[in-house]
Amino acid sequence: MSSYTSISSEKLSRLIGTAKAPTLVDVRLDEDFAADPRLIPGAIRHSHLDVQDWAHRLTGQSVVVVCQKGQKLSEGTAAWLRCGNIAAEVLEGGHLAWTAAELPTVPVDRIPKRDGRGRTVWVTRSRPKIDRIACPWLIRRFVDPAAVFLFVASAEVGAVAERFDATPFDIENVFWSHRGELCTFDVMVSEFGLSTPALERLATMVRAADTARLDLSPEAPGLLAASLGLSRMFDDDLEQLSAGMLLYDAFYRWCRDATRETHNWPTSKVKP
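Residues numbered from 1 in each chain as written. Predicted model: local features only at pLDDT ≥ 70, side-chain atom pairs only at ≥ 80, totals over all residues. Heavy atoms only, no water.

*Asks:* Before we move on, can you summarise the overall build of the chain with the specific residues and values?
*Replies:* A tally of regular secondary structure across the chain gives eleven helices and ten strands. The C-alpha atoms of the chain give a radius of gyration of 20 Å, which matches the 19 Å a tight globule of 272 residues would have. If one aligns the C-alpha atoms of the chain with their principal axes, the spans along those axes are about 65 × 65 × 30 Å. Relative to its 272 residues, the chain shows a buried fraction of 45%. Across the chain, the fraction of contacts at a sequence separation of at least 24, relative to all contacts at a separation of at least 6, is 68%. Total accessible area computed for the chain in this model is approximately 14,500 Å², and 53% of it derives from carbon and sulfur atoms. When the 32 basic and 35 acidic side-chain charges of the chain are each reduced to a single mean position, those positions are 5 Å apart. (Helix = DSSP H or I, 4+ residues; strand = E, 2+ residues; numbered from the N terminus. Rg over C-alpha atoms; globule rule 2.2 N^0.38 Å. Buried < 20%, exposed > 50% of the residue type's maximum accessible area, 1.4 Å probe, protein only. Contact = heavy atoms within 4.5 Å. Areas by Shrake-Rupley, 256 points an atom, 1.4 Å probe, with all protein chains shown as cover. Lys, Arg positive; Asp, Glu negative; His and termini not counted. Charge placed at Lys NZ, Arg CZ, Asp CG, Glu CD.)

Quick look at the structure:
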């Protein structure tokens, strides 16, 4: 039974992917992690032994701590965090309960190397429209909430990736890019193990809008119009990304929660 210091897998799964998702900290022992090197979407690994060293980085955040079974390691770590006035809960049943519920997990070997501040760093072409806004949204909501995105001149993406140790995406001849009829967002959903019905629906919308195949999704014209409108509103790519995060938050929640919901204007009653 849930308590004020614990959260169920079902409840947590409803928060992940939204702007209200808690910070997830995986404190599984190395041997347990090696046996299943996957993370709950958005989680970052820390050792319970060093909790007093890294706890200050979580000040002001809501945290869910994950260990193998939701017992001593997560309970103790969460208790230490609460001593530092950090709102911390334990995932009931731990990583094992999450995987038993067949909820999404991200293979750690698909997550790029993090920088000295624990962030993944990505680089792509400037002036994003659709895929280059959708992919950062997916990464920040499901892979690395602290991810950094560099938008640079098209000709310099490869060199910037090399010099700044960043991961290139949505350009030719790199891992994270279009594959056949799939756009980069499709590839990320698949490679990161995030193939849920909601994200698959959203991926179809993104692919349709990004590859000029609007017949694939009735919602694609709306996504295309909103995306092109945003690109005209903002000269700064990072400001456009910030606005685009809200746009994709809305489309994701529609894909997940509201596809059957309709809006019908009430029929007016005309007096004879």
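*Asks:* Which residues make up helix α6 (residues 131-142), and what are the values?
*Replies:* Compared with an ideal rise of 1.5 Å per residue, which puts twelve residues at 16 Å, α6 spans 16 Å between its outermost C-alpha atoms and is within 8% of the ideal. With eleven of twelve residues buried, α6 is to be regarded as a mostly interior element. Those residues of α6 not exposed but buried are D131, R132, I133, A134, C135, P136, W137, L138, I139, R141 and F142. Tucked inside the fold, the buried residues of α6 contact β7 (106-107), β8 (121-125), β9 (148-152), α8 (184-191), α9 (197-210) and α11 (237-257). (Expected span 1.5 Å × (residues − 1).)

*Asks:* Which residues make up the side chain of D131, and what are the values?
*Replies:* By the element assignment, D131 lies in helix α6. Buried within the structure, D131 lacks any salt-bridge partner; R125 is the closest side chain of opposite charge, at an N-O distance of 7.0 Å. At 3.2 Å, the side chain of D131 forms a polar contact with the side chain of H178. Reaching out from D131, the side chain makes a polar contact with the backbone nitrogen of T184 at a distance of 2.8 Å. (Salt bridge = Lys/Arg side-chain N within 4 Å of Asp/Glu carboxyl O. Polar contact = N/O pair within 3.5 Å; in protein donor to acceptor, adjacent residues only side chain to side chain.)

*Asks:* Go over the packing of α8 against α9 with me, naming the residues and quoting the values.
*Replies:* Two numbers describe how α8 lies on α9: the axes approach to 8 Å, and their chain directions differ by 160 degrees. One way to sum up the angle between α8 and α9 is to call them roughly antiparallel. Seen from above, α8 lies across α9 with left-handed handedness. Where α8 abuts α9, its residues F185, D186 and V189 lie against L199, E200, L202, A203, V206 and R207. Its residues assigned to classes, the contact of α8 with α9 shows six nonpolar, no polar and three charged. (Axes fitted to C-alpha atoms, helices over the stretch in contact; angles between N-to-C directions. Parallel < 35°, antiparallel > 145°, perpendicular 65-115°, else oblique. Left-handed = near helix turned anticlockwise from the far one by under 90°. Nonpolar A, V, L, I, M, F, W, Y, C, P; charged D, E, K, R; others polar.)

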